[in-house]
Amino acid sequence: MNPSDTSRYVRLRVDLVLEVPDAGALTGAALEHIDADEFMPDEERGHAESAVREDESEALAYLVDPTDLVAEIPGVELVQASWSSEPVEYDPESLEWDLGEEDGDFDREPGSA
């Protein structure tokens, strides 16, 4: 690949921490989503339902599709995507979670330089 080819590609990294105050609502929505998926094989459906009942992060993974973030953006084509969801210990006071210092100033308005 020459430099002009590689400059056409952009890696977008998004890291979200979500609070789940209503695990039952999240799990229920994920189970409904799985039930409505007409293309999911029955064997996979059983495994998915079990995983969703045991772990809120699994439920979230069945409901969130990050490819939706870029699907309607003009001039771009999704080439590759992967994502995962896992439970984490979150302390907003911890330096580990201070994303502003590592990745830039997040007090700016979206789209501003």
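Procedures and definitions
- Residues numbered from 1 in each chain as written.
- Predicted model: local features only at pLDDT ≥ 70, side-chain atom pairs only at ≥ 80, totals over all residues.
- Heavy atoms only, no water.
- Helix = DSSP H or I, 4+ residues; strand = E, 2+ residues; numbered from the N terminus.
- Buried < 20%, exposed > 50% of the residue type's maximum accessible area, 1.4 Å probe, protein only.
- Contact = heavy atoms within 4.5 Å.
- Areas by Shrake-Rupley, 256 points an atom, 1.4 Å probe, with all protein chains shown as cover.
- Axes fitted to C-alpha atoms, helices over the stretch in contact; angles between N-to-C directions.
- Parallel < 35°, antiparallel > 145°, perpendicular 65-115°, else oblique.
- Nonpolar A, V, L, I, M, F, W, Y, C, P; charged D, E, K, R; others polar.
- Salt bridge = Lys/Arg side-chain N within 4 Å of Asp/Glu carboxyl O.
- Core = buried A, V, L, I, M, F, W, Y, C linked by side-chain atoms within 4.5 Å.
- pLDDT = per-residue confidence, 0-100.

**Student:** I tried to follow the overall build of the chain on my own but got confused; where do I start?
**Tutor:** The helix and strand tally for the chain stands at five helices and zero strands. Helices and strands appear in the chain in the N-to-C order α-α-α-α-α. Counting all 113 residues of the chain, 12% fall into the buried class. Across the chain, the fraction of contacts at a sequence separation of at least 24, relative to all contacts at a separation of at least 6, is 43%. Here the chain has roughly 9900 Å² of accessible surface; of this, 48% comes from carbon and sulfur atoms.

**Student:** Even after reading the chapter, I still don't get the packing of helix α2 (residues 23–36) against helix α3 (residues 42–54), so can you show me in this structure?
**Tutor:** Two quantities define a packed helix pair, namely the angle between the helix axes and the distance between the axes. Closest axis-to-axis distance for the α2/α3 pair is 10 Å, and the angle between their directions is 175°. If you check the angle between α2 and α3, you find them roughly antiparallel. Counted together, Thr27, Ala30, Leu31, Ile34 and Asp35 of α2 and Arg45, Ala48, Glu49, Val52 and Arg53 of α3 form the full contact between these two elements. Of the residues contributing to the contact of α2 with α3, the split by class is five nonpolar, one polar and four charged.

**Student:** Help me understand the pattern of salt bridges in this model?
**Tutor:** Opposite charge on two side chains permits pairing when their charged atoms draw close. Taken as a whole and assessed by the stated rule, the structure comprises one salt bridge. Put simply, Asp42 and Arg45 hold a salt bridge, and the shortest N to O gap is 3.9 Å. A residue pair is termed a helical-turn pair when its members lie 3 or 4 positions apart in one helix, as Asp42 and Arg45 do in helix α3 at three residues. Given the relative accessible area of 65%, Asp42 is considered exposed. You can call Arg45 buried: its relative accessible area is 14%.

**Student:** Sorry, what's going on with the nonpolar core here?
**Tutor:** In a soluble, globular protein the nonpolar side chains are often hidden away together inside. Among the nonpolar cores identified, the biggest contains eight residues, and these are Leu26, Ala30, Leu31, Ile34, Met40, Ala48, Val52 and Ala59. Those elements that place two or more of their residues in this core are α2 and α3.

**Student:** I would appreciate a short explanation of the confidence of the model for the chain in the present structure.
**Tutor:** Regions with low pLDDT should not have their predicted coordinates read in detail. Counting all residues, the mean pLDDT for the chain is 85, and 81% of those residues have values of 70 or more. By mean pLDDT, the top-scoring element of the chain is α2 (97), and the lowest-scoring one is helix α5 (residues 99–103) (54). Within the model, the stretch residues 101–110 combines pLDDT values under 50 with five contacts to residues more than four positions away or in other chains.

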